[in-house]
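Here is what each chain is made of, one letter per residue.
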Amino acid sequence: MSSPDPQVRAARNLTDPSPENTPEKKRPRSPRNRGPVVAVTGAATGVGELLTARLAASDEVKQVIAIDERRGEVSEATWHILDVRDPAIAEKLRGADVVVHLALDLDLETDPAARTAYNVRGTQTVLTAAAAAGVHRVVLCTSAMVYGALPDNDVPLSEDAELRATAEATGVGDLLEIERLGRRAPRAHPGLNVTVVRPTVLVGGTDTALTRYFESPRLLVVAGSRPTWQFCHVEDLVTALEYAALEKIDGEFAVGCDGWLEQEEVEELSGVRRMELPSAVALGAAARLHRIGLTPSPAGDLAYTMHPWVVSVSRLHDVGWRPQWTNEEVLGALLEEVEGRHTVAGRRLGRKDATAVSATAAGATVALLGTAALVRRARKARRRI
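Residues numbered from 1 in each chain as written. Predicted model: local features only at pLDDT ≥ 70, side-chain atom pairs only at ≥ 80, totals over all residues. Heavy atoms only, no water.

An unreviewed UniProt entry lists the chain under the name SDR family oxidoreductase, with Streptomyces arboris as the source organism.

Dropping the structure here:
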């Protein structure tokens, strides 16, 4: 996953808040002689770290095997330090019942070819190694972005809707390939079960094109579009992954807040005004800026701010899971996280450029000044070479 800052923690408690589990009346832990052995890749940071800590504290888990390129801070886990693309991972997975694969690179600044090579090869290796080690379940985490953002999407989409995304947005091509590998694995390795978890817009220390959207001085709205927003806090993703690891749910399912927010509600709650541009202008500018290397986000990212792609989370509801966060609360948390950051067209600006952008009142001028600032910076850099 796009790794959240390991120090980002919301005030909410990930444990059961019922009275019998409060510190004063906490029940004694039972011996860990039952429950699955769960391995987590990408266990040292972000969602992987949060899940590793949660599983290590659970009486329903016998043992946690943590795998990453560096040792993390969850001392209760058994650590193995290696790259998930290393075939030696098969030996480290022996004895595990379930593997939760979270070692993904979705960083906006990573070279796309290197990112794809890591994500696809890593997933291939983990699936093959898990089968060789006798693991019976692998949990993959992709994104609800694989459904695609299209003007004719149902609102909400059913979880078994066709995956209509293309590879035009950041990392989505990798996620589609990971999903393909997941579908193929049980046929290639009979007895291996693959569960796929698809979070909506992930918030909680994350840095994506969609979270950067809220760092702009104006919220870009493409004329004639119908944006809808459904968020997922990392804490809710972690509890959903725990359900999958404990085999309380299988198959392919989405995770996120109940319902969604319309663009007008987002603007009212955030207090940030919109900047409306014609489709041809917005998409053309985004494509040109990305082509010449001024912004990390391709034009395909804009579709996810234009068209609906909210998803039902009924499968989790059917097994008793409920989100602890609402869309309104997650949006509030996101706005707190991005406060003080300034982004135009997906590119973060330095303090000087940000001041120039913030000084203007007209939305169109904001975009123009922001783009001009980026162009000037690029020209100066070329002159110094």
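Counted according to the given criterion, the structure contains one cavity of 30 Å³ or more. In this structure, the largest cavity encloses a volume near 300 Å³. Lining the largest cavity are 21 residues, with Leu106, Ser143, Met145, Thr208 and Leu210 sitting closest to its centre. Elements that contribute at least two residues to the lining of the largest cavity include exactly strand 7 (201-203) and helix 5 (209-212). The class makeup of the residues in the lining of the largest cavity is 12 nonpolar, eight polar and one charged. (1 Å grid on protein atoms, 1.4 Å probe; cavity = no way out; pocket = protein on both sides within 12 Å on 5 of 7 lines; lining within 4 Å. Points joined across faces, edges and corners; volume = space filled by probe spheres on them. Helix = DSSP H or I, 4+ residues; strand = E, 2+ residues; numbered from the N terminus. Nonpolar A, V, L, I, M, F, W, Y, C, P; charged D, E, K, R; others polar.)

What follows covers the sheet that holds strand 2 (residues 63-68). The seven strands lie next to each other as 3-2-1-4-5-6-11, forming an open sheet whose pairing is parallel. Strands at the two margins of the open sheet, each flanked by one partner only, are strand 3 (78-81) and strand 11 (252-255). Geometrically, the sheet is characterised by an average inter-axis angle of 20 degrees between neighbouring strands, direction not taken into account. The pairing of strand 1 (residues 37-41) with strand 2 spans five bridges and is classified as parallel. Bridge pairing in strand 2 links Val37 to Gln63. (Pairing = 2+ DSSP bridges. Axes fitted to C-alpha atoms, helices over the stretch in contact; angles between N-to-C directions.)

Note on helix geometry: an α-helix contains 3.6 residues per turn, so any two residues three or four positions apart are oriented the same way. Of the residues making up helix 7 (residues 263-270), those classed as buried are Gln263, Val266, Glu267 and Ser270. Buried residues along helix 7 cover an arc of 95 degrees about the axis, so they all sit on one side. Exposed and oriented more than 90 degrees from the buried face of helix 7 are Glu264 and Glu268. Of the surrounding secondary structure, the elements contacted by the buried residues of helix 7 are strand 8 (219-222), strand 9 (228-229), strand 12 (261-262), strand 13 (274-277) and helix 10 (327-338). At the C-terminal side of helix 7, Gly271 shows a positive phi close to 75 degrees. (Buried < 20%, exposed > 50% of the residue type's maximum accessible area, 1.4 Å probe, protein only. Arc of directions from axis to C-beta. Contact = heavy atoms within 4.5 Å.)

What follows deals with the packing of aromatic side chains. Applying the stated criterion to the full structure yields six aromatic pairs. Residue placement shows Lys248 over the ring face of Tyr243; its charged tip is 5.0 Å from the ring centre. (Phe/Tyr/Trp six-rings, centres within 6.5 Å; stacked < 30°, edge-to-face > 60°. Lys NZ or Arg CZ within 6 Å of the ring centre and 35° of its normal.)

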